[in-house]
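# Geometric and topological summary
As a plain string of letters, each chain reads:
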Protein chains: 2
Amino acid sequence: MRNSGDVPRSRRRFLVGSAALMGVAGFAREAPSATRSRAWSKSADVAVVGSGAAGLAAALSAASRGNQVIVIEKAPAIGGTTAKSDGAYWIPNNHIMRQAGIADPKDDAIRYMVRVSYPALYRDDDPRWGVGEREYELIEAYYDNAAGAIEALESMDALRSTTVALPDYLDHVPTNKPMRQRILLPKRADGNYGNGRELVRQLRLKLEAHRIEVLTKHAASRVERNARGEVIGLTVKSADGESLIQAKKAVVFASGGFTHDPDMVLNFQPGPNWGGCAVPTNQGDFVRLGIETGAMLGNMVGAWRAELVLESALESPSVARDVWQPPGDSMILVNKYGQRVVNEKRNYNERTRVHFEYDPVESEFPNMLLFMIYDQRTAELFAGNFPLPEPGDRQSYVIGARGISSLRSAIQDRLNSHAKRIGKITLSPDFAGALTRQVDRFNQDAARGVDLQFMRGKYPYDTEWHSIINSKERTDTTWPANRTSNPTVHAIDKDGPLYAIILAAGTLDTNGGPVINAKAQVLDTHGRPIPGLYGAGNCIASPAAQGYWGAGGTIGPALTFGYLAGLGASGEPAKEDT
Amino acid sequence: MRNSGDVPRSRRRFLVGSAALMGVAGFAREAPSATRSRAWSKSADVAVVGSGAAGLAAALSAASRGNQVIVIEKAPAIGGTTAKSDGAYWIPNNHIMRQAGIADPKDDAIRYMVRVSYPALYRDDDPRWGVGEREYELIEAYYDNAAGAIEALESMDALRSTTVALPDYLDHVPTNKPMRQRILLPKRADGNYGNGRELVRQLRLKLEAHRIEVLTKHAASRVERNARGEVIGLTVKSADGESLIQAKKAVVFASGGFTHDPDMVLNFQPGPNWGGCAVPTNQGDFVRLGIETGAMLGNMVGAWRAELVLESALESPSVARDVWQPPGDSMILVNKYGQRVVNEKRNYNERTRVHFEYDPVESEFPNMLLFMIYDQRTAELFAGNFPLPEPGDRQSYVIGARGISSLRSAIQDRLNSHAKRIGKITLSPDFAGALTRQVDRFNQDAARGVDLQFMRGKYPYDTEWHSIINSKERTDTTWPANRTSNPTVHAIDKDGPLYAIILAAGTLDTNGGPVINAKAQVLDTHGRPIPGLYGAGNCIASPAAQGYWGAGGTIGPALTFGYLAGLGASGEPAKEDT
């Protein structure tokens, strides 16, 4: 508790009462209480909201420069969605690449990022590759600072990184080269790579070394500003009520997106979302607080998208896992018309967007639900690769049947059983016939090793990620491994048994919110920095827009802009209290 | 000028200087200047921003109750996008229906509106048809007040309405019945129906009768609030600088959407938009001012969508006209792969969404541009139905060629000529072959009168709107009219000559912004009304969400919620100045 000063409880009570009164007036919550000094219950130089990758990096960045830092975390546990993730951070031109002599020139990397993030704006012959100044500056800031931020965290003993060689997520279009060296992961003590828990563990150890206080179960409920409009602290809410936390230099928002606020999802997202991997506390707090502070919003239509097992999401919209890549080879996804609509092995962010296709004739989302259809071979040979159950395990979300016709009935029964929550969804009357024809077509293609419909397995991403996703490919079954030229496709045995798992669109988290500049300062509606307010992570408008550059495309920018936010906050002057 | 008090020029100058200084401080613009009385240059009970359907209805609603009203209009001319429109207003259970004995029960109408606006949420067996309380209340408020608002405007001699019988825009799904009586239009002196200019003309006459001052070329640049946070006026900008307008009771925002702010379109809309019919002043002013006032935003992903002629939009993104329905029968739309992707006769709002389909393999929008392909028959027989040129007229956006192969080259040349602005867009190498196969397939279907691909012409909307859209069907050509069972389809003569027009997605206007309640009060981030602030029209989160209920689905809610906003503003108490 070194870096915060307690305030007598009686005085805090007064403040809370006063704040409540102000709330009733209907306005004063949004206005700066400019006229008198506040009854701060705690005080620090920098207050950080959120304790995922962005928040921890911001806290360490500020603390390493001698600042008193306090971290506010709404959830009971530290780590946010990062702790649920696989922990990768996508870092162009990173130190491990450079040590290995692999070049990742600035122009190449930026061009790649622009192409992925802004496919409709991308121009081959433009000095900014087609995007505006602000979009370019953020991506440039990422290239310029990402590697340095990781090296800084490493040099302060907060993080140790290793790498795996797997291709980026847009690996095959003519303007890009398939890079495999930008993925970093936290390195465990045993030398292997760890996941998000390991990443949080390492960063948190350093927080503890700095004696940075983390207030869990505390939610930021109001941004405090002085008469000049500078941000000087936060009102936070906990089970004990409201209290005030002073941030003499700056507040850094590094909280989550709005995956778990159904109203915001409805009003900002392009199609039906059923939940996501984000922790349940990701309810768009910084969208609301940002508006209250006059911040411009951006990328509200964006998200790190993922397919979810529908029935897991119905149990709890904050799902344990997403479907990175549907496992197996004798497996396809079809819609309610029994038709494939996507290359099943493409990355989750891009693949999920097909769920939002809209049919203007029926006024419906025909791909809202997709059915992952697979046979006994895939069920056994790829068992244990999520969402396929482990051998011998039963999962209620797996729908089994003897053949295509009975599978149709079984899926429809399952849909009917959820009608209250998902609406009346009816498989096409010709579903069984269409699925039969679809399987025949897929099987013909599989025999040749070429998926003529969606080119599944043609690209490095498809096959290399297929191999790591299916790393649990079993040798304890009688099914032979797929040793063909295209390991991602194999004929489906339509005589059965057959299985289906219902998939729906979701997110890792949304990634829209207040807009930042290249220094991670939050901007107002006129494009001016709001003094004393910084942002990073899923709570702000992502510099990646709707693109997903590669594995760790989420946490890479979170760490980098979190680090920059902590740096900027450190350089802020102390602000007047009134 | 009865209802505004002029202030000596010297005093106004002082204010302007002072306001500019406050801007420099970086915050004071967002904060209430609570401590001293403002130097108002004009004063009224109610200030209305915008002079389209919503603004004029709000002004008349307030003025008819004895309030002094002042209207602020950013453009040089009164009327906004309404004046460019066809002037219809979609009014359920309207007085003309009722006089004709046609029933439009509340439950039926609300169920229809919910089904159109929230296709993924709709539930057959839910008392609110599947939507939340807020969504339901707004739609219910629309049903309850729309007819009355029109009748009130008629009874104050501000408007005279007539009707045309054409089906609503979701005419064929099982839960709906094809209504044809909800479309009202302004009735001209000659008894015929008029367009948006006529609607604006009638309402404006009444404004003049009320001696309501309209300040054209004045843009609202700041919302003024008192120490209690109540809205008490506006800072407005004109060529003369800034000045302050007092609104003792309330301010009504009834301005446009953000069609012409490319940054907002990029950050909030689901795919590439190239412009729209909205007047050029529709640049999202109320999104920014709403944020500054602490308003919650909603439906930012929404728009009244329309297809545009790409090359008209490249000349000026505020296009003169949209493509309501591609005219002709020997006509199809294809993408760069030479394939049809939509029922060409479906309504513009739904049809346009296919432009946003995203291909996760190529990381592109394959339908970003669609090519309207037609033959000599359609060129002549349907000449003059936009975008087909009038007989003898030449339009540079029409690409002509002798046959399919040369058409491919001509389209590619045209695309190349715009590469700087649209990027390098390459027709598929197999475009000519694919288009040939597509035309053959379409022609086979046309011979049977049944479009097996997209059911074009199967639904009342398709055929009835086809007949009115093509009302200029000519008798002065040698081409025989289409007298088959399906007048919307006819074989395309692929031997040529052939023509192409490039279409792209656009809007009539966006329809997201600050959220309102059933009384048209603007809500803050906690769902509480912001005292003294009302909203209606395209600047607010539309109660119709992404749905388009029927012709006039735009102006109907604009008039209704504009009227309600004027009513609510009238009932507000006068507010303290400080």
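The structure this text deals with has already been given above.
My aim in this report is to walk through the structure given alongside it, one point at a time. (Residues numbered from 1 in each chain as written. Chains lettered and ligands numbered in written order. Predicted model: local features only at pLDDT ≥ 70, side-chain atom pairs only at ≥ 80, totals over all residues. Heavy atoms only, no water.)

### Here's the deal with the overall build of chain A
As a reminder of what qualifies: Helix and strand definitions here come from DSSP, where helices need a minimum of 4 consecutive H or I residues and strands a minimum of 2 consecutive E residues; each element is numbered from the N-terminal end. Values of the radius of gyration come from C-alpha atoms, whereas the globule rule sets the reference at 2.2 Å times the count of residues to the power 0.38. A simple rule labels every residue: compare its accessible area, found with a 1.4 Å probe on the protein chains alone, to the largest value its type can have, and call it buried under 20%, exposed over 50%, or partly exposed in between. When checking whether two residues touch, look at their non-hydrogen atoms; a contact exists if any pair is within 4.5 Å. Here the open area of atoms and residues is found with the Shrake-Rupley method and a 1.4 Å probe, where only the protein chains shown may cover a residue. When charges are counted, neither His nor the chain ends are considered; positive counts come from Lys and Arg and negative counts from Asp and Glu. For this purpose, a charge sits on NZ of Lys, CZ of Arg, CG of Asp or CD of Glu.
Secondary structure assignment for chain A yields 16 helices and 18 strands. The C-alpha atoms of chain A give a radius of gyration of 25 Å, which matches the 25 Å a tight globule of 578 residues would have. Its C-alpha atoms give chain A principal-axis dimensions of roughly 75 × 55 × 45 Å. Counting all 578 residues of chain A, 66% fall into the buried class. At a minimum sequence separation of 6, the contacts of chain A that also span at least 24 residues come to 76%. With an accessible surface of roughly 19,900 Å², chain A has 50% of that area assigned to carbon and sulfur atoms. Seen as two clouds, the 66 positive and the 64 negative side-chain charges of chain A have centres 4 Å apart.

### Examining the packing of helix α2 (residues 53–63) of chain B against helix α16 (residues 555–570) of chain B
Residues and elements named next belong to chain B. Let me state the cut-off plainly: Axis angles are defined between N-to-C directions and span 0 to 180 degrees, where every axis is a line fitted to C-alpha atoms and, for a helix, only to the segment in contact. Less than a right angle of anticlockwise turn of the near helix away from the far helix marks a crossing as left-handed, whereas a clockwise turn marks it as right-handed. Amino acids are sorted into nonpolar (Ala, Val, Leu, Ile, Met, Phe, Trp, Tyr, Cys and Pro), charged (Asp, Glu, Lys and Arg) and polar (every other residue, Gly among them).
Following both chains from N to C, one finds α2 and α16 inclined at 30 degrees, their axes separated by 7 Å at the closest point. For the element pair α2 and α16, the recorded crossing hand is right-handed. Contact with α2, carried on its side by A53, A54, A57, A58, S61 and A62, involves I555, A558, L559, G562, Y563, G566, L567 and S570 of α16 and no other residues of that element. Broken down by class, the residue content of the contact of α2 with α16 amounts to ten nonpolar, four polar and no charged.

### Describing the interface of chain B and chain A
Frequently, the measure chosen for interface size is the accessible area removed from exposure when the parts meet. Going by this rule: Think of a salt bridge as a Lys or Arg side-chain nitrogen and an Asp or Glu carboxyl oxygen that are within 4 Å of each other. In protein, a polar contact requires one atom able to donate a hydrogen and another able to accept it; more generally it is a pair of N or O atoms within 3.5 Å, and residues adjacent in sequence count only if both atoms are side-chain atoms.
If you look at the interface, chain B gives 72 residues, while chain A gives 72 residues. Seen at the junction of chain B and chain A, the total is two salt bridges. Between D124 of chain A and K424 of chain B there is a salt bridge, with the nearest N and O atoms lying 3.7 Å from each other. Applying the counting rule to chain B against chain A returns 18 residue pairs in polar contact (both at pLDDT 80 or more). Taken together, the elements giving at least two residues each to the side of chain B that touches chain A come down to α5 (133–155), α7 (262–268), α8 (285–292), β10 (297–298), α10 (348–351) and α13 (419–422) of chain B. Tallying contributions element by element places α7 of chain B first for the side of chain B that touches chain A, with five residues. Residues that form the side of chain B that touches chain A fall into these classes: 34 nonpolar, 15 polar and 23 charged.

### Comments concerning the packing of aromatic side chains
Counted only if it meets this: Each Phe, Tyr or Trp ring (for Trp, its six-membered ring) is paired with any other whose centre lies within 6.5 Å, and the angle between the two planes then decides the class: stacked below 30 degrees, edge-to-face above 60, tilted in between. Placement of a positive charge over a ring is assigned whenever Lys NZ or Arg CZ falls within 6 Å of the ring centre and within 35 degrees of the normal to the ring plane.
Tallying each qualifying case throughout the model produces 40 aromatic pairs over all chains. Relative to Y499 of chain A, the ring of Y374 of chain A lies with its centre 5.4 Å away and its plane at 20 degrees, an arrangement referred to as stacked. Taken as a pair, Y374 of chain A in strand β13 (residues 369–375) and Y499 of chain A in strand β15 (residues 498–510) lie far apart in primary sequence, 125 residues in all. Taken together through their ring pairs, the aromatic side chains of Y169, W304, W324, Y348, Y461, W465 and Y548 of chain A make up a single cluster. One residue, R353 of chain A, lies across the ring of Y358 of chain B, its end atom 3.6 Å from the ring centre.

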